[in-house]
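Single-letter residue listing:
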Amino acid sequence: MSQSTPLTKKRKTESKPAVPSDLPDTISYKALAEKFPELTPFLVPMQSSERRPWCSIDFKDPLAVRALNRALLKVYFGLDVTLPRDSLCPKVANRLNYLRWIKHNISCDFPLEPLKGLDIGTGSSCIYPLLGARFLECCSFVATEINAESVRIAIANVAQNDLVDKIHVYQNPNRELKLPLDCADFPGRSFTFSMCNPPFYANEEERTALRESKADSPSLNTLAKADELYTEGGEEQFLSDMADESKILAERIVWYTTMVGRKRTLGVLKAKLASLGAKQIREGTLVQGKTSRWVLGWSFVDKRVFSFNVGGMDRSRAWLWFKDVVDELGIAVEKTNDEYWKCSAAAMSWTRRARRQKNRDPASRLDPDLTKPPMLTFLVSIVEQDGHRDDGSSTSVPSAISTINMFLTSENEIRGALCSLYNFLLRKQRDDGLNTL
């Protein structure tokens, strides 16, 4: 079962006012309840000698937690989400932290490109795709789920938020597969990234045993379906199976990512990924209150971003240096916006052979041939830093440092060509005395 696309076009309606797409640093539950009255019955007046009276909620009450998260979704993201009482209630702040990690560590590899995410086990809330549609720019999702009732509610949640053009909900027919890209009628062959918040426990007995020993384990009053909490072999087996599947699918998903609840699982999974030949592994720690979780990403694709520093230059001067170098190489440059420039090379004019040939005729110039399609296109951004340590003390490097980032694009992904250009620029940086060490 998967969602169907409406056959009739919707009538144009008046544009709605812009809705924030992030949570503020501090939240007043009383003010939140004024905007979302459903939360009002769960407010608990609090008093303290150190501050004025305020309101909180009873976080041990599942209904209060459910109302709070519905309020956060509605007020801060403009999302009206049904959260059934018998399903896991997603904590918005925790889920948003995972998406922040995706934004800062994965989507940054794909500047100016649309993103396509795969959410594994989306649940009835469809929380990651719904939040992701608001939080991540130019991102669409396929959301998979094995439970038919959860699929039905997830489809309704997508529809009632007018996001059917960005989110496709798919019922995974094979409970053994975590990544069902080759199953019948699956809506997509390749993805920018996948994300997953796997079941934590192997069974009810393990959950009970961990109640006291793990302070960061979910509390036993959590209301959820069995397949949202339990999986055969627990979290470690689930993610080990996913890693095996990722090896088979390889580059069809550029970045595989997952939440990890136990540090032991993190170590086991990293070791397995290394043995499977993952070419890149990225790791992060997500802290929300007293709870810490890990997020792990891995890829079987060579890196797309090449970065180096130039010392003694602010952003403007670093750009002029870079522009002079690529002009000499006959690389065409086009400004796309205030942050990125698009570069197009018709040939590998930076190789020793090409430069020796040019030296034989000093009057010649490698002007870009705009009539031919480029053999390599890439984007460039330059970020200005400073020359001070985190503690405020000065370093031995110049006071201005700029980082030049070169990104492969999907137009002409010739990684070897960009890698050789990157090495040429490193030598040029050294020869011009701009290295920062």
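**Considering the overall build of the chain**
The helix and strand tally for the chain stands at 12 helices and 14 strands. When each of the 437 residues of the chain is scored for burial, the buried share is 46%. Of the contacts formed within the chain by residues at least 6 apart in sequence, a portion of 71% connects residues at least 24 apart. Within the structure as shown, the chain displays about 23,000 Å² of accessible surface, and the carbon and sulfur contribution to it stands at 50%.

**Some remarks on the pattern of salt bridges**
Enumeration according to the criterion identifies 16 salt bridges in this entry. Ionic pairing is found between D241 and K178, a salt bridge with its closest N-O pair at 3.7 Å. Residue D241 is located in helix 8 (residues 234–249), and its partner K178 is located in the loop between strand 5 (167–171) and strand 6 (191–196); the two are separated by 63 residues in the primary sequence. Given the relative accessible area of 25%, D241 is considered partly exposed. Its salt-bridge partner being E236, residue R264 comes within 2.1 Å of it at the nearest N-O pair. Placement of R264 in helix 9 (residues 263–276) and of E236 in helix 8 is noted, with a sequence separation of 28 residues between them. Taking relative accessible area as the criterion, R264 reaches 58% and is therefore assigned exposed. Each of E38, R70 and D80 takes part in salt bridges that share partners, so that together they form one network.

**Examining the packing of aromatic side chains**
Note on aromatic pairs: each is described by the distance of the centres and the angle between the planes. Within this structure, the stated rule accounts for 13 aromatic pairs. One cation-aromatic arrangement involves K116 over F191; the distance from NZ or CZ to the ring centre is 5.0 Å. Its guanidinium or amino end placed over the ring of F238, K178 lies 4.9 Å from that ring's centre, counting from NZ or CZ.

**Looking at the side chain of Q429**
Tracing the chain through its elements places Q429 in helix 12 (residues 415–431). Among the residues examined, Q429 registers a relative accessible area of 9% and is labelled buried. Sequence-distant contacts of Q429, defined by excluding residues within four places in its chain, comprise F308, N309, V310, W321, L434 and N435.

Here is what the cut-offs are and how they apply
Residues numbered from 1 in each chain as written. Predicted model: local features only at pLDDT ≥ 70, side-chain atom pairs only at ≥ 80, totals over all residues. Heavy atoms only, no water. Helix = DSSP H or I, 4+ residues; strand = E, 2+ residues; numbered from the N terminus. Buried < 20%, exposed > 50% of the residue type's maximum accessible area, 1.4 Å probe, protein only. Contact = heavy atoms within 4.5 Å. Areas by Shrake-Rupley, 256 points an atom, 1.4 Å probe, with all protein chains shown as cover. Salt bridge = Lys/Arg side-chain N within 4 Å of Asp/Glu carboxyl O. Phe/Tyr/Trp six-rings, centres within 6.5 Å; stacked < 30°, edge-to-face > 60°. Lys NZ or Arg CZ within 6 Å of the ring centre and 35° of its normal.

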